[in-house]
Amino acid sequence: MLRIYRVAAIAAACCAACAGHGVAQEKNTGTPAPNAQPPTAAQPSSPQPAPVPPANATTPPSTDAQQLPDVQIIQQQPKVTPRKNVRQAAKIKKVPPPVAKAPPTPPIEKGSSVPESTTVNMSPVGGSEIPIAKVPGSVGTVSSSDVTRSGSEAVQNVLQSRIPGVIVNDLQGNDFQTNVQFHGFESSPLDGVPQGLAVYENGVRINESFGDIVNWDFLPTVAIADMTVMTNNPAFGLNALGGSISISMKDGFNFQGVETDFRMGSFGRVQGAVEAGQQVGNYAAYVAVEDIHDDGWRQFSPSDIRRMFADIGFKNHDAEFHANFTGADNFVGAVTASPTELLDQNYSAVYTNPQTTQNDMAMGSLNGSVNVTNTFNVSGVTYYRSFRQHHVDANGSDAAPCADDPNVLCFDNLDGTTTDPLLDQHGNPVLTPPGGDNYVGEIDRTSQEAESFGGSLQGVQKAKLFGHGNQFLLGGSIDHGRVGYQTSAEIGSIGPQFVITGDGQIVQNSDIEPVDITTNNTYYGVFFSDTFDLTDRLSITAGGRFNYADIRLQDNTGTAPDLNGHSTYQRFNPMAGGTYQLFPGLTLYSGYSEANRAPVAAELACADPNNPCLIESFLTGDPPLKQVVSRTAEVGLRGEIKSFGDNQKVNWTLGYFHAMNSDDIINVASSINGRSYFQNAGQTLREGLDASIDYRNDRWYLFASYNFTDARFQSTFDVNSPNNPLNPSPGDDFITTVHPGDRMPGIPQHKFKAGFDYWLTHKWKFGGDVTAASDQIFFGDEANKNTPLAGYGVVNLHTSYDVTNNIQIYALMNNIFDHRYATFGNYFDTEDGTAASLGTIDFTDPRTIVPATPLAAYGGIKVRF
């Protein structure tokens, strides 16, 4: 609770400061500053319910009634009266005064939302915006209203609800550290998951240096202005195999006032958030802080999330500059998969623990844009990022009592030799835990300290070419990362509930001796694109990017020279496409692009099937991996209908995609318990379609989407699946052959989402949404020989009520039918599991899954000044 008090204190301080600035500005300036932005749709001029719009109005209300009026509303109330607005509307519509007796319509959304954008950037850096209608590929956008409407504290869940091709998979058993999967490509916080999406925050690439992972838990959701998911554009650099996700944060120009949010609910959830923004003339400032505590619904799975974002900006007609900071101090209990037979006894049970992760991050960045002429713009971004991670992972151990002395432990190494005995950090033999062989456990610890910095610079020319509209973009980027990575293994004892208690003996010899390496990676990129309007209805786009990756690994112990390595990768990736307006409000798009992903240090150091890694973090010297190359083609339609009148609008999309990967990288299990390695798997294909539609009027907001992603291997190769249910000798070698047409694990083919919001009155809103996904193949069953993991459907509800213009209460209920399902599954060694249970369970089913969160309810209050 002390953390919540700190948030409350910050809220009070920000409230006082911003309120003081707002009053001073109103007293000293009778009109807005010359360069101040006019109020947006998120900042109307009156706190009263909006009048009935004219019949020809085309802009629907935003869809989030959880947002409250800001400080400008209160300040401007005396200047514009609701009665004048009603009379004006009546005059335009020529409706007699009794119009006031009509049923009330819901107010235009206001509060913390930022107006939805109709443009997207053609590169990670701002200044390259073109209308969405001219983008020759799939584009999905998420507004701040969508973020608030979802009520979710995880960015991943918001993307899932609004983007047709996105689904969230939970590999770690924690809602804050889930995977985002788009068209079968992953963006994960877990080292060892092949990454296929490039992710940016305010133009900065936030894929971490060591494994290209993305720590979604670092992003305060309250501070998000908008998000864009885009395909078919290599300008976003490495990892953009399936596309890119660009996240823009709020600033003092698009948010003014102070808003606080306090929430409590199921599983010990207590959270608080505050955001404050203020503009004074050409300057603006913004800050957002979130503090979340959750006990977790599964055993040993608490979370403490503390994160913030701050921005200071300057803007005038010719230039805009921002300095911003993102920081996080997060602890999560990542309890991973549990055997299905264990979950049958206790749905919240955990298999081996502790399993925890401590993440700390600080990032500062500067970005700016200058209009050199009326048509030429130069923009750029530079950053420094510090990332610290400490991971604890308890497992069963391959160490066993020595044959000649069962009181001490030995270890069978990968080269066929035996370390006899294991020695600890003091040079003493490692003792066998009381109870003998079945009680031997291991606590593996990994840590990384990463520093990265870089920048990007681009120029955009928008002058007409041969009398036609044209935008030409040319830019470059440099990103450098240095990572110190250490691992250690502590022998311990297995106790009740699969809890492993360390005995303080850190193994110093054998294959699980400490590892200490330093990696350096430098990525260079040069990109360009040109969008040319052949006619007022037909636009064509062409461009490309050259990527060069330099990756170096160095062993710091002097005992593992095979870890030393230097790899380079380079490639030019082209793109081409066009859009054609068939009719007003209906556009056809089509495009082709290529992208590449260089293997990261975590993969390069763990790619030998004859020398697999104990876990992904225990590294060995390996043969090189090939870079992954994707070739993507798309065609689709985008439509908008505004002809209904009465402020009604329909948006819809329909698109087909075909993405072929060459030399795709997969993670394969070893016959040695708990070990795995990476390998190139030839060609893989992901193809399918996206369809979405949404409808808005003054009272309703409805949306629905469907995605079909058929992800299949296209090459023949062998993989080892030692814990496969078909293996007659669990844990031993069991080679299965993958054939073209076999489905890829972890990717559901069908995904359906739908939702609604209904304004019962001006003050009261009620809504809900559903997410459904079909079955998926278990990891470890690449040959598709076993029953898939079952599909699922989950329903959530939410409601909010505005007590006053400044106070709102709300409630959320997730998984209202308490449906039991899972989004990830793999296999484990049943014999080792039976031994670790200390005789309480005789495991026969090798399936393990990560169960999803059951029924949960939360309630909160928002106050806005």
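Here is what the cut-offs are and how they apply
Counting starts from 1 at the beginning of each chain's written sequence and moves along it residue by residue. In keeping with the model being predicted, local features are shown solely for residues with a pLDDT of at least 70 and side-chain atom pairs are shown and tallied solely at 80 or more, while totals for entire chains, interfaces and linings include all residues. Note that the side-chain values use all heavy atoms of the structure and ignore hydrogens as well as water. Numbering of helices and strands runs from the N terminus; a helix is a DSSP stretch of H or I covering at least four residues, while a strand is a stretch of E covering at least two. Think of it in three bands: residues with accessible area under 20% of the maximum for their type are buried, residues over 50% are exposed, and the middle band is partly exposed, with areas taken using a 1.4 Å probe on protein chains only. Here the accessible surface of atoms and residues is derived via Shrake-Rupley with a 1.4 Å probe, and residues count as covered only by protein chains that are part of the display. Salt bridge criterion: a side-chain nitrogen from Lys or Arg within 4 Å of a carboxyl oxygen from Asp or Glu. For the purpose of charge, His is not counted, nor are the chain termini; Lys and Arg are scored as positive and Asp and Glu as negative. For this analysis, a polar contact is any N or O atom pair within 3.5 Å, provided that within protein one partner can donate a hydrogen and the other can accept it, and provided that sequence-adjacent residues contribute only side-chain to side-chain pairs. Contacts are residue-level and defined by heavy atoms, with any inter-residue pair within 4.5 Å sufficient. By this definition, two strands are paired if DSSP reports at least two bridges between them. Axis angles are defined between N-to-C directions and span 0 to 180 degrees, where every axis is a line fitted to C-alpha atoms and, for a helix, only to the segment in contact. Method remark: on a 1 Å grid restricted to protein atoms, a set of points is classed as a cavity if a 1.4 Å probe fits but cannot get out and as a pocket if it is open with protein on both sides within 12 Å along at least five of seven lines; lining residues have an atom within 4 Å of a point. Grid points are joined across faces, edges and corners, and a volume is the space filled by probe spheres set on the points. Each residue receives one of three labels: charged for Asp, Glu, Lys and Arg, nonpolar for Ala, Val, Leu, Ile, Met, Phe, Trp, Tyr, Cys and Pro, and polar for the others, Gly being one of them. The set of buried Ala, Val, Leu, Ile, Met, Phe, Trp, Tyr and Cys residues whose side-chain atoms join them within 4.5 Å is what this entry labels a nonpolar core. Patch members must show over 30% relative accessible area and no salt bridge, and they are joined within 9 Å when carrying like charges or within 5 Å when they are nonpolar side chains of Val, Leu, Ile, Met, Phe, Trp or Tyr. The atoms used to mark charge sites are NZ of Lys, CZ of Arg, CG of Asp and CD of Glu. We call Phe, Tyr and Trp rings a pair once their centres come within 6.5 Å, taking the six-membered ring for Trp, and we label the pair stacked below 30 degrees between planes, edge-to-face above 60, and tilted otherwise. By definition here, charges over rings are those cases where NZ of Lys or CZ of Arg is within 6 Å of the ring centre and within 35 degrees of the ring normal.

Trainee: Mind showing me how you'd approach the overall build of the protein chain here?
Mentor: Helix and strand counts for the protein chain stand at 8 helices and 43 strands. For the protein chain, the proportion of its 865 residues judged to be buried stands at 59%. Looking at the protein chain as shown, the accessible area adds up to about 32,700 Å², and 59% of this sits on carbon and sulfur atoms.

Trainee: What am I meant to see in the pattern of salt bridges here?
Mentor: For side chains of opposite charge, pairing can occur when their charged atoms come near one another. Within this structure, the stated rule accounts for 26 salt bridges. The closest approach of N and O atoms between E153 and R263, which form a salt bridge, is 4.0 Å. One end of the pair, E153, is in the loop between α4 (144-150) and α5 (155-162); the other, R263, is in strand β11 (residues 257-265), with 110 residues separating them in the sequence. Overall, E153 belongs to the buried group, its relative accessible area being 10%. A salt bridge links R743 to D775; the nearest nitrogen and oxygen atoms lie 3.1 Å apart. Of this pair, R743 sits in the loop between β36 (735-738) and β37 (750-759) while D775 sits in the loop between β38 (764-773) and β39 (792-802), and the two are 32 residues apart along the sequence. Its relative accessible area of 28% is what places D775 among the partly exposed residues.

Trainee: Whenever I open this one, the side chain of K753 confuses me. Can you help?
Mentor: Position of K753 among the secondary structure elements: in strand β37. There is no salt bridge for the buried K753, and the closest opposite charge comes from D690, which lies 7.8 Å off by N-O distance. A distance of 2.6 Å separates a polar atom in the side chain of K753 from the backbone oxygen of I163. A polar contact is formed between the side chain of K753 and the backbone oxygen of V166, at a distance of 2.4 Å. Ignoring anything within four residues of it in the chain, the contact list for K753 reads Q160, S161, I163, P164, G165, V166, F703, A704, S705, V770 and T771.

Trainee: Where do I start with the sheet that holds strand β8 (residues 204-205) in this structure?
Mentor: Adjacent strands of a sheet pair through backbone hydrogen bonds, lying either parallel or antiparallel. Pairing in this open sheet of 5 strands is mixed, and the strands run β3-β9-β10-β7-β8 from one edge to the other. Only two strands of the sheet have a single neighbouring strand rather than two, namely β3 (139-143) and β8. Where strand β7 (residues 198-201) lies against strand β10 (residues 244-249), 4 bridges are found, and the strand directions are parallel. Directly across from E201, in β10, lies its bridge partner I247. Contacting β3, β9 (224-230) and β10, α5 runs over the sheet at an angle of about 55° to β9.

Trainee: Explain empty space enclosed by the protein to me, please; I cannot follow it from the model alone.
Mentor: Rolling a probe over the atoms, with the probe sized like a water molecule, indicates the empty space that remains. Taken as a whole and judged by the stated rule, the model has 7 cavities of 30 Å³ or more. The volume enclosed by the largest cavity comes to roughly 930 Å³. Looking at the largest cavity, it is lined by 44 residues, and the ones nearest its centre are N157, D175, N814, Y821 and T853. Elements with a minimum of two residues in the lining of the largest cavity: α4, α5, β38, β39, β40 (807-814), β42 (847-851) and β43 (856-864). Its residues assigned to classes, the lining of the largest cavity comprises 15 nonpolar, 20 polar and 9 charged. Approximately 280 Å³ is the volume found for the second largest cavity. Lining the second largest cavity are 24 residues, with T221, V222, D261, E290 and K862 sitting closest to its centre. Looking at the lining of the second largest cavity, the elements with two or more residues in it are α4, β11, β12 (269-280) and β13 (283-294).

Trainee: Even after reading the chapter, I still don't get the pairing of strand β33 (residues 684-696), so can you show me in this structure?
Mentor: For a regular strand, side-chain orientation follows a simple rule: the groups alternate between the two sheet faces. Inspection of the sheet shows strand β30 (residues 649-662) paired to β33 by 13 bridges, in the antiparallel sense. Pairing of V650 across the sheet is with Y695, part of β33. Pairing of β33 with strand β34 (residues 700-713) involves 13 bridges; the strand directions are antiparallel. Along β34, the bridge assignment pairs S692 with S705. The turn linking β33 back onto β34 is made up of 3 residues.

Trainee: Would you mind going over the environment of S567 with me for this structure?
Mentor: Counting through the fold element by element, S567 comes out in strand β27 (residues 565-583). Judged by relative accessible area, S567 falls into the buried class, the value being 18%. The spatial distance from the C-alpha of S567 to the C-alpha of D550 is 6.1 Å, given a sequence separation of 17 residues. Excluding anything up to four places from it in sequence, S567 contacts A549, D550, I551 and L604.

Trainee: Got a minute to help me understand unusual backbone geometry in this structure?
Mentor: A negative phi angle characterises most non-glycine residues, just as the trans form characterises most peptide bonds. The linkage connecting N353 with the following residue, P354, adopts the cis geometry, with an omega of 15°. In this structure, P354 sits in the loop between α6 (340-345) and β17 (355-371). Cis geometry is adopted by the peptide bond preceding P421, which originates at D420 and carries an omega value of -5°. For H183, which is not glycine, the phi torsion reads 55° and is therefore positive. On the secondary structure map, H183 appears in the loop between β5 (179-182) and β6 (185-187). Despite not being glycine, N784 shows a phi value in the positive range, around 60°. Here N784 shows up in the loop between β38 and β39.

Trainee: Mind showing me how you'd approach the environment of G544 here?
Mentor: If you trace the backbone, G544 turns up in strand β26 (residues 538-555). With relative accessibility at 2%, the residue G544 sits in the buried group. Measuring from C-alpha to C-alpha, the distance between G544 and E594 comes to 8.5 Å, with 50 residues separating the pair along the chain. Setting aside anything within four residues of it in sequence, one finds G544 in contact with P234, V526, F527, F528, F572, N573, P574 and M575.

Trainee: Help me out: how do you make sense of the nonpolar core in this one?
Mentor: A general trend in soluble globular proteins is that nonpolar side chains are found buried together. Residues L159, W216, M227, I245 and I247 are the most contacted members of the largest nonpolar core, which totals 63 residues. Ignoring any residue separated from it by four or fewer positions in sequence, one finds L159 in contact with V142, V166, V180, W216, M227, V229 and I245. Membership of the second largest hydrophobic core comes to 16 residues, among which are I130, M230, A235 and L473.

Trainee: I would appreciate a short explanation of the sheet that holds β6 in the present structure.
Mentor: The strand order β4-β5-β6 describes an open sheet built from 3 strands, whose pairing is antiparallel. The open sheet has two edge strands, β4 (166-169) and β6, and neither has a second partner. Taken over all neighbouring pairs, the strand axes of this sheet differ in orientation by 30° on average, direction set aside. Sitting on the sheet, α5 touches β4 and β5, and the angle it makes with β4 is about 145°.

Trainee: Got a minute to help me understand α5 in this structure?
Mentor: In an α-helix there are 3.6 residues to a turn, and that puts residues three or four apart on one side. Most of α5 is tucked away: 7 of the 8 residues are buried. When we look at burial in α5, the residues that qualify are V155, Q156, V158, L159, Q160, S161 and R162.

Trainee: In this structure, what is going on with a negative patch on the surface? I would like to understand it.
Mentor: Taken together, the side chains of D732, D733, E831 and D832 make up a negatively charged region of the molecular surface. Of note, D832 is situated in helix α8 (residues 830-836).

Trainee: Looking at this structure, how should I read the packing of aromatic side chains?
Mentor: Centre distance and the angle of the planes are the two values used to describe a pair of aromatic rings. A complete count under the given rule lists 20 aromatic pairs for this structure. Taking the centre distance of 5.6 Å and the plane angle of 85° together, the rings of F255 and Y286 count as edge-to-face. Of this pair, F255 sits in the loop between β10 and β11 while Y286 is found in strand β13, placing the two residues 31 residues apart along the sequence. What makes F255 buried here is its relative accessible area of 1%. Geometrically, the ring pair formed by F828 and F843 is edge-to-face, given 5.4 Å between the ring centres and 90° between the ring planes. Taken together, the residues F828 in the loop between β41 (822-827) and α8 and F843 in the loop between α8 and β42 connect sequence positions 15 residues apart. Across the pair, exposure class does not vary: F828 and F843 are buried alike. Counting every residue linked through ring pairs, the aromatic cluster contains Y351, F498, F828 and F843. Sitting over the face of the ring of F703, R162 holds its NZ or CZ atom 4.7 Å from the ring centroid. When the ring centre of Y347 is taken as origin, the NZ or CZ atom of R820, which lies over that ring, is 4.1 Å away.

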